[in-house]
Amino acid sequence: MSEAQAPDTRTPKIRLRGLKKSFNGKPVLDGVDLDVMPGRSMVILGGSGTGKSVTIKCILGLIEPDEGTIEIDGRNVLTMSRRERAAVLDRTGMLFQNGALFDSLPVWENVCFKLLAQGRISREKARQRAVEALVDVGLGMGVGEMDPASLSGGMQKRVALARAIASQPDIIFFDEPTTGLDPIMGAVIDGLIVDCVKRLGATAVTITHDMASARRIGDDAAMLHKGRIVWTGPAAELGHTGNPLVDQFARGEREGPIAMELRR
Ligand SMILES: Nc1ncnc2c1ncn2[C@@H]1O[C@H](COP(=O)(O)OP(=O)(O)OP(=O)(O)O)[C@@H](O)[C@H]1O
């Protein structure tokens, strides 16, 4: 492969610099810096209400930050035209915390909702694409015709995963993918996430409080604390990083720097 054709593995897929966001004068993000390299799986950790979801929503264009830059493939999406930004965001997928499936639509329409809404695909092709995505997450073809409400929690998560991958995105966000699942189903979903992300060659960003899940899904991890990323490193080291904040959080210990701050 010539140098011009070689994939650029040095430019981060996502680069956040100095990202700030306040709500009603209260800072939530206070200068977030984060790099997610292409094809890597990044897990973002942090206590409840520290701004993990706000960070992801800023990247997805659902919340406008007050300051900072958000680069995707080296280009600042915040200064792009609406059209350019929409084209970049079209290449992303998202698995929402509660699945966010529409009960009024059969599963297959949920899976291909984005493609259908954008008129990018015929209904016949969408149905076919949905069945393929459902098979990829271990669901039978018949599930496509069912109502989401009639499915178990684990099956709903699989459908939500099928929806996240159906448009074959190159960046996928997972918000608490194992919340509400028993530990075995959680491990199954994690395995599917890893397989699907690998198959697509996608870059993944996951928010989770589940440390077993973080170690299974993540290559890299980052900890958000007091509006900033205070640590990044290998997900496999969580609990043994040598950073007292991260290790306390990862081990779920009551005593440590985080508890002391809460007591003040
Ligand atoms: N649209 C909004 N308007 C006002 N405040 C908001 C808005 N979105 C988020 N917040 C506030 O920002 C803070 C961070 O919220 P966020 O949902 O990002 O936390 P989180 O780290 O994802 O927490 P959790 O782990 O509990 O899901 C919270 O105090 C929340 O109330």
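Located above this text is the structure these notes cover.
Everything quoted here is computed from the prediction, not taken from an experiment.

**Considerations on the environment of A222**
Then comes step 1: Structurally, the position occupied by A222 is in strand β9 (residues 220-225).
Then comes step 2: Exposure remark for A222: the 25 C-beta atoms within 10 Å place this residue in the buried category.
Then comes step 3: Separated by 71 residues in the primary sequence, A222 and L151 place their C-alpha atoms 34 Å from one another.

**A short note on the site of the ligand**
Then comes step 1: Close contacts around the ligand come from F23, V28, G46, S48, G49, T50, G51, K52, S53 and V54, and that covers them all.
Then comes step 2: Residue contributions to the shell around the ligand peak at three residues, all from helix α1 (residues 52-59).

**Some points on the packing of helix α5 (residues 123-136) against helix α6 (residues 153-166)**
Then comes step 1: At a minimum axis separation of 9 Å, α5 and α6 run at an interaxial angle of 125 degrees. The pairing of α5 with α6 is recorded here as oblique in orientation. For α5 against α6, the interelement crossing comes out right-handed. For the pair α5 and α6, the contacting residues are R129, A130, A133, L134 and D136 in the first and A162, I165 and A166 in the second.
Then comes step 2: Classifying every residue of the contact of α5 with α6 gives six nonpolar, no polar and two charged.

Quick notes on the rules
Residues numbered from 1 in each chain as written. Predicted model: local features only at pLDDT ≥ 70, side-chain atom pairs only at ≥ 80, totals over all residues. Helix = DSSP H or I, 4+ residues; strand = E, 2+ residues; numbered from the N terminus. Buried ≥ 20, exposed ≤ 12 C-beta atoms within 10 Å, placed from the backbone. Near = placed C-beta within 6 Å. Axes fitted to C-alpha atoms, helices over the stretch in contact; angles between N-to-C directions. Parallel < 35°, antiparallel > 145°, perpendicular 65-115°, else oblique. Left-handed = near helix turned anticlockwise from the far one by under 90°. Contact = placed C-beta atoms within 7 Å. Nonpolar A, V, L, I, M, F, W, Y, C, P; charged D, E, K, R; others polar.

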